[in-house]
Amino acid sequence: MAFIRVTPIQVGDVVRLRKPHPCGGYDWTVVRVGADVGLKCHTCGRRVLLTRREFERRLEKVVSATQPTG
Ligand SMILES: [Zn+2]
């Protein structure tokens, strides 16, 4: 069974994308994780929704990962 390797992220994580948002911001907070990944721009507060695949392609790195609770 082929399993797609994905970056382990969860809501609350801060991520950096390869390209800046038009507002100039690089850092985003993950606001939704699923088939689509919701991101909120740190600089302007805009929200975007990317497919999981698009997100993986644009991701530069995870800046700060939320500690799992429990
Ligand atoms: Zn922005």
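Here's a quick rundown of the structure. This is a predicted model, so every value here is computed, not measured. (Residues numbered from 1 in each chain as written. Predicted model: local features only at pLDDT ≥ 70, side-chain atom pairs only at ≥ 80, totals over all residues. Heavy atoms only, no water.)

Ile-9, Val-15, Leu-17, Trp-28, Val-30, Val-37, Leu-39, Cys-41, Leu-50, Phe-55 and Leu-59 together form the largest nonpolar core, which totals 11 residues. Of all elements in the fold, only β1 (14-17), β2 (27-33) and β3 (36-41) reach the threshold of two or more residues within this core. It is β3 that contributes the most residues to this core, 3 residues altogether. Setting aside anything within four residues of it in sequence, one finds Trp-28 in contact with Asp-13, Val-14, Val-15, Leu-17, His-21, Leu-39, Lys-40, Cys-41, His-42, Arg-46 and Val-48. (Core = buried A, V, L, I, M, F, W, Y, C linked by side-chain atoms within 4.5 Å. Buried < 20%, exposed > 50% of the residue type's maximum accessible area, 1.4 Å probe, protein only. Helix = DSSP H or I, 4+ residues; strand = E, 2+ residues; numbered from the N terminus. Contact = heavy atoms within 4.5 Å.)

For the rest of this paragraph, the subject is the environment of Arg-52. For Arg-52, the position within the fold is in helix α1 (residues 52-58). Overall, Arg-52 belongs to the buried group, its relative accessible area being 17%. Between the C-alpha atoms of Arg-52 and Val-33, which are 19 residues apart in sequence, the distance is 8.4 Å.

This part covers the coordination of the zinc ion. Within the protein, the atoms that donate to the zinc ion are His-21 (ND1), Cys-23 (SG), Cys-41 (SG) and Cys-44 (SG), at distances of 2.0 to 2.3 Å. For the zinc ion, the 4 donor atoms are set out with angles of 106 to 119° between them, so the coordination reads as tetrahedral. When the donor residues of the zinc ion are listed from N- to C-terminus, their spacing reads H-x1-C-x17-C-x2-C. For His-21, a relative accessible area of 16% gives the class buried. Overall, the relative accessible area of 35% leaves Cys-23 in the partly exposed class. (Donors = N, O, S within 2.8 Å, 3.2 Å for Na, K, Ca; no water. Tetrahedral: all angles 85-135°; square planar, octahedral: opposite > 155°, others 65-115°.)

As paired strands, β2 and β3 are joined by 5 bridges and run antiparallel to one another. Residue pairing for β3: Arg-32 is matched across the bridge by Gly-38. Counted between consecutive antiparallel strands, the loop separating β2 from β3 contains 2 residues. Summarising the sheet, β3 and strand β4 (residues 47-51) pair through 5 bridges and their orientation is antiparallel. If you follow Leu-39 over to β4, its bridge partner there is Val-48. Counted along the chain from β3 to the antiparallel partner β4, the turn is 5 residues long, and its residue Gly-45 has a positive phi close to 85°. (Pairing = 2+ DSSP bridges.)

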